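Residues per chain are reported as follows:
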Amino acid sequence: MFDTQFIPAELLADITSVSKSTLLKWEKNQKIIPVFNSITKKKEYKVSELLHFEEIRNIFSQNLEGNTTIFKSIRTFNSIELFAGAGGLAVGLECAGFNAIALNEFDKNACNTLRINRPNWHVIEGDVKNVDFKEFANVDLLAGGFPCQAFSYAGNKLGFEDARGTLFFEFARAIKELQPKVFLGENVRGLLKHDDGRTLAAMKSIIHELGYTLIEPQVLKAIFYRVPQKRERLFLIGIRNDLVEFADFKWPTPYTKIMVLRDALKAGELYPTDVPISQGQTYAKKKKEILDLIPQGGYWRDLPDDLQREYMQKSYFLGGGKTGIARRLAWDQPSLTLTCSPAQKQTERCHPEETRPLTVREYARIQTFPDEWEFAGALTSQYKQIGNAVPVNLAYAIGQSLIDLLNSIEQNSA
């Protein structure tokens, strides 16, 4: 974790969901007062002077206990998961107390990953369209991260049948056939504004048609839940209408510390040992020579101008910061959101000290997978599986809230 008395400018922007230009405006208005760190050569702010921000108080106030309350399920709650991938969501839900009775996934390597690590899990490999959910009765939770796809709009109000052909339709079909007490949908933040908000509006309409009450979708920042990564995910939680009166749901409370890359790769609070050695991609000779010049926490703008032009080519003249290009991570900051490939030009995730992409196990730790969790398939497939996963600790946090919700339904409806 970073020094809890000061917070770097970049992290303050992430926590408060504003741009760096907004931070500059706040400085001008003296809403925040910067200090210069002589060691890192970067701007920071005193945490004690930032407590007028609710997000800062939630994390750093000594009066809050954060995620220290652990909810134990009053009975075994069963779950089914669609689009399970490499198991990030499944492992987090398992840690929270759920018993997975079936998981569906299309990708062969991801299915093998699930089977290698959990031989007792019932993994259904193949297209979700071919899965008959009627054989799974009395399931408590249906979960899944369905891809964000646009709908075809036949009329003003989109119904269940109109969504046919999309993977959300298959998720909705599973809800209709299983009638779970609760469902959890997971997606990218972009779903909120996808197709000018019409996609989410259509989903809400279908969920209502299926007989479920949708809690207003919320974006959760992984850095608030013991994940050393600037990742955001949108969560949709629905409760069956006949159970709503008995239900009490609370979104997870932010943890009282922000984890950084050092917490992921070195022994400490998150892991008892340094990250295990593992295979990883490499940079071409010329690319390595360029990245050798990038300082910790820096990116292509830190290169001499002639090298900026050479490396960026036509992109040099385009607008936007493009801060993910030629990016070297920093020990004292959370990682940027992991992508499916740490060596591609648009998505470099260079080690903070060594000039190389992050390895598979480094990737897995940043996603808070256990060290014993193995990944099947070729190296490119392993990166893809990890990059697409829900961070395990984030899944655990939302899983704890779901356990608390199901406990309330069980107790109040008795």
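Residues numbered from 1 in each chain as written. Predicted model: local features only at pLDDT ≥ 70, side-chain atom pairs only at ≥ 80, totals over all residues. Heavy atoms only, no water.

Caption draft 1: Here's a closer look at the pattern of salt bridges. Inspection of every chain in the model, using the stated rule, returns 28 salt bridges. The salt bridge involving Arg-173 is made with Glu-177; its shortest N-O contact spans 3.1 Å. A residue pair is termed a helical-turn pair when its members lie 3 or 4 positions apart in one helix, as Arg-173 and Glu-177 do in helix α6 (residues 167-178) at four residues. Looking at Glu-177, the relative accessible area reads 24%, which means it is partly exposed. In this structure, Arg-309 and Asp-305 form a salt bridge, with 2.7 Å as the shortest nitrogen-oxygen distance. One end of the pair, Arg-309, and the other, Asp-305, are both in helix α10 (residues 305-312), four residues apart, so they sit about a helical turn from each other. Judged by its relative accessible area of 40%, Arg-309 falls in the partly exposed class. (Salt bridge = Lys/Arg side-chain N within 4 Å of Asp/Glu carboxyl O. Helix = DSSP H or I, 4+ residues; strand = E, 2+ residues; numbered from the N terminus. Buried < 20%, exposed > 50% of the residue type's maximum accessible area, 1.4 Å probe, protein only.)

Caption draft 2: A look at the sheet that holds strand β8 (residues 182-187). Spatially, β6-β5-β4-β7-β8-β11-β9 is the arrangement adopted by the seven strands of the open sheet, whose pairing is mixed. Both outer strands of the open sheet, β6 (123-125) and β9 (212-221), are each paired with one neighbouring strand and no more. Neighbour-to-neighbour, the strand axes of the sheet open up by a mean angle of 15°, direction not taken into account. Sheet topology places strand β4 (residues 77-82) next to strand β5 (residues 98-105); five bridges connect them, and they run parallel. (Pairing = 2+ DSSP bridges. Axes fitted to C-alpha atoms, helices over the stretch in contact; angles between N-to-C directions.)

Caption draft 3: Region of the structure containing the confidence of the model for the chain. When the pLDDT values of the chain are averaged, the result is 90; 94% of them are 70 or greater. Here residues 62-67 is a poorly scored stretch, pLDDT under 50, and it has 13 contacts once near neighbours within four places are set aside; other chains count. (pLDDT = per-residue confidence, 0-100. Contact = heavy atoms within 4.5 Å.)

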